[in-house]
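The primary structure of each chain is shown beneath.
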Amino acid sequence: MFDINLLRNDIAATAERMKARNYVIDTAAFEALEAERKALQIQTQELQQQRNALSKAVGQAKAAKDEAKAQQLLAEVAAVPEKVKANELALAGVQERVNAILMAMPNLPQADVPMGKDSDENVEQRRWYPNGKAARTIDFEVKDHLALGEALTSATGPQLDFEAGVKLSGTRFTVMRGPLARMHRALSQFMLDTHVNEHGFTECYVPYIVNAESMTGTGQLPKFEEDLFKVPMPSEEGGEVKNRYLIPTSEVSLTNFVRDTLVDANTLPMRLTAHTPCFRSEAGSYGRDTRGMIRQHQFDKVEMVYITKPDESNAMLEEMTGNAEKILQKLGLPYRVMLLCTGDMGFVATKTYDLEVWLPAQNTYREISSCSNCEAFQARRMGARYKNAAGKNEPVHTLNGSGLAVGRTLVAVMENYQNADGSITVPEVLRSYMGGLSVIR
RNA sequence: GGAAGCGUGGCCGAGCGGUUGAAGGCACCGGUCUUGAAAACCGGCGACGGGGCAACCCGUUCGUGAGUUCGAAUCUCACCGCUUCCGCCA
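On a predicted model such as this, the values are computed, not experimentally measured, just so you know.

Rules used in this analysis
Sequence positions are assigned chain by chain, starting from 1 and proceeding in written order. As they are written, the chains are lettered A onward and the ligands numbered 1 onward, keeping that order. Where totals are concerned, whole chains, interfaces and linings use all residues; where local detail is concerned, this predicted model gives features only for residues with pLDDT of at least 70, and gives and counts side-chain atom pairs only at 80 or more. To obtain the side-chain values, all non-hydrogen atoms of the structure were used and water was disregarded. Counting from the N terminus, the helices are DSSP H or I runs at least four residues long and the strands are E runs at least two residues long. Burial status follows relative accessibility: with a 1.4 Å probe on protein chains alone, a residue under 20% of its type maximum counts as buried, one over 50% as exposed, and anything between as partly exposed. Contact criterion: two residues are considered in contact whenever any of their non-hydrogen atoms come within 4.5 Å of each other. We treat Lys and Arg as the positive residues and Asp and Glu as the negative residues; His and chain ends play no part in the count. Charge positions are represented by NZ for Lys, CZ for Arg, CG for Asp and CD for Glu. The criterion for strand pairing is that DSSP finds at least two bridges linking the strands in question. Between N-to-C directions, angles span 0 to 180 degrees; the directions come from axes that are lines fitted to C-alpha atoms, helices contributing only their stretch in contact. Between Lys or Arg on one side and Asp or Glu on the other, a salt bridge is scored when a side-chain nitrogen of the former is within 4 Å of a carboxyl oxygen of the latter. Delimitation of the domains relies on an automatic or database domain assignment. Pairing of aromatic side chains requires ring centres within 6.5 Å, counting the rings of Phe and Tyr and the six-membered ring of Trp. Pairs whose planes differ by under 30 degrees are stacked, by over 60 edge-to-face, and all others tilted. What pLDDT conveys is the predictor's confidence in a given residue, as a value from 0 to 100. Among buried residues, those of type Ala, Val, Leu, Ile, Met, Phe, Trp, Tyr and Cys that are joined through side-chain atoms within 4.5 Å constitute a nonpolar core.

Another point: the overall build of chain A. The helix and strand inventory of chain A stands at 12 helices and 20 strands. Taken along the three principal axes of its C-alpha coordinates, chain A extends 100 × 50 × 45 Å. Each of the 441 residues in chain A was classed as buried or not, and the buried ones make up 49%. Across chain A, contacts joining residues at least 24 apart in sequence account for 71% of those joining residues at least 6 apart. Taking the average location of the 50 positive side-chain charges in chain A and that of its 56 negative ones, the two points are 2 Å from each other.

Below, the structure written as structure tokens:
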């Protein structure tokens, strides 16, 4: 949630900075609403105070057995509760309007984030190649992962089977069989093991269905409901049916660990990781990446989440990005690191690095990880705080990043490790997860 | 599916219509004592919001939401969650 103090204290400067995100703050409207809120709140609290004082006096009179005075006081208060109730109602209405504005506002970019309107203005930070110089030159006709996967066979059908996915579920679903399915599993195991054993993460198993409070905490709700799959669930006692949601990323489950909690400062920074499927409706992406495994309604991802103190969150963003890079390096996949410009960042982020992996068949780099520092944006929504050095409760910072998107990593391995005969060499680090298999045919 | 309970501050736990934001304990923060630490003793200490330059003042908050009342942690209803026993079960 956007920090209301930025609007109260210096709305002009804040509005100026938000322009970078193509977000226009109606400063006059906000100031008018805020003035209304302030007047109403003061009036309401004065009435509450009046009621409380008189009620207390009634109690005292009764305790002193002064019935006459008690009756007199009761007559005096009689009209107050009604006024209080009316004011409370009006105030709640105004506060709801203020809140709705704050909930719909995206986060403010950090000062060093480059200005820009879309992905064309992202700034490359660095590139990495297995041999330090360039991506492997492929001296035969390069195939994409569809051609490769559909040509590979198992005892029961193609190793990569889009038709079966469509039959079972519809477009943007895929079936894998045999060694390719195993490599998909090997990738997630390898990623998890690396983060746990080398990067200090706690491995977690989390729900794939979460409630509306969790989705609100991390920012998917209320604004992006159309991107989510809803699951109507009756309560155990047969009460009303409430919507829950399939997670679009395990960031939601992991980050909400600290919702509504005062986090013990000694446990910070927290490093959490989980391997889960992710479910996205992909509303609004019709026609994009319709072929292949790049954009699916269901895909696996190994996620990294950090819960940190405010002064260490930017250092942790660098660390997390490095963790994701490490996975690509161990897999020997060429990539580049992009610093997203203001116009390309997600709703909750203040600063984001994207990792883009080299896909030779497309002759381009494609996003395979996104690492963001959300600062206190999610923490304010969630009520996630810690006691700072001054003894004050303060929102924590939250970060999340993919480490990595498993399906896209499989695509990258297939395309980068393809051989002239259509077989795929298994990267060294995955072989122990695949019973020593070195080539998929 | 049947039966019975219970949700109070960072944690444990009293309170069950009126000067109760809530006893007591633990934890935490000062201080005394000590070579140091521990113990003991003294003092402090909930959260969220609003107003004020400030000292400070006010409001809200006892799972959540409605209701009864001049007044609700305390009474009523609904919802959410948890525990125990029986049954069933991946």
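Bringing the sheet that holds strand 16 (residues 384–387) into the picture now. One open sheet accounts for three strands, arranged 10-16-17; its pairing is mixed. Here the strands that pair on one side only, and so sit at the sheet edges, are strand 10 (261–263) and strand 17 (393–395). Across this sheet, the average inter-strand angle for adjacent strands is 40 degrees, counted without regard to direction. Pairing between strand 16 and strand 17: three bridges, direction antiparallel. Within strand 17, the residue paired with R385 across the bridge is P395.

It is worth spelling out the pattern of salt bridges at this point. Taken as a whole and judged by the stated rule, the model has 21 salt bridges. In this structure, K19 and E16 form a salt bridge, with 3.3 Å as the shortest nitrogen-oxygen distance. Given a relative accessible area of 52%, K19 falls into the exposed group. For the salt bridge of D289 with R366, the shortest nitrogen-to-oxygen distance reads 3.1 Å. Within this pair, whereas D289 is found in the loop between strand 11 (270–279) and strand 12 (298–308), its partner R366 is found in strand 15 (residues 364–373), the two being separated by 77 residues in sequence. Residues participating in the shared-partner salt-bridge network are E124, R127, R336 and E356.

All right, on to the domain arrangement of chain A then. Domain parsing of chain A yields domain 1 (26–104) and domain 2 (119–440). Computed over C-alpha atoms, the centres of domain 1 and domain 2 are 49 Å apart.

So, about the pairing of strand 11. Strand 11 sits mainly inside the fold: eight of its 10 residues count as buried. Relative to strand 11, strand 6 (residues 202–204) runs parallel, the two being bridged by three bridges. Its bridge partner lying in strand 11, T202 is registered against L272. Examined bridge by bridge, strand 11 and strand 12 share 10 bridges and lie antiparallel to one another. Its bridge partner being in strand 12, P277 is matched across the sheet by D300.

Attention now goes to the packing of aromatic side chains. Evaluated as defined, the whole model comprises seven aromatic pairs. Ring geometry for F347 against F377: centres 5.7 Å apart, planes inclined by 85 degrees, an arrangement best described as edge-to-face. Taken as a pair, F347 in the loop between strand 13 (335–339) and strand 14 (351–359) and F377 in helix 11 (residues 377–382) lie far apart in primary sequence, 30 residues in all. Relative accessible area serves as the criterion here: at 12%, F347 is assigned to the buried category. A relative accessible area of 1% places F377 in the buried class.

Confidence in the prediction of chain A, expressed as mean pLDDT, is 94, and 99% of residues score 70 or more. Across the whole predicted complex the pTM is 0.94, and at the interface the ipTM reaches 0.88.

So, on to the environment of C204. By the secondary structure assignment, C204 is in strand 6. Spatially, the C-alpha atoms of C204 and A274 are 5.0 Å apart, while their sequence positions differ by 70 residues. Apart from residues no more than four positions distant in its own chain, C204 is found in contact with L254, F257, L272, T273 and A274.

On to the nonpolar core. M183, L187, M191, L328, L333, L430 and I440 are the most contacted members of the largest nonpolar core, which has 49 residues in total. Excluding residues that lie within four positions of it along the chain, L187 makes contacts with L331, V406, T409, L410, V413 and L430. Counting residues in each nonpolar core, the second largest holds 19 residues, with M18, Y23, L91 and M103 among its members.

Here eight strands make up an open sheet; going across it, the order is 1-13-14-15-18-12-11-6 and the pairing mixed. The outermost strands of the open sheet, each flanked by one partner alone, are strand 1 (123–128) and strand 6. Between one strand axis and the next, the sheet turns by 25 degrees as a mean value, whatever way the strands run. Pairing of strand 13 with strand 14, which is carried by five bridges, proceeds in the antiparallel orientation. By the bridge assignment, Y335 is partnered in strand 14 with V357. Contacts between helix 10 (residues 313–331) and the sheet are confined to strand 1, strand 11, strand 12, strand 13, strand 14, strand 15 and strand 18 (397–405), with strand 18 contributing the most and set at about 5 degrees to the helix.

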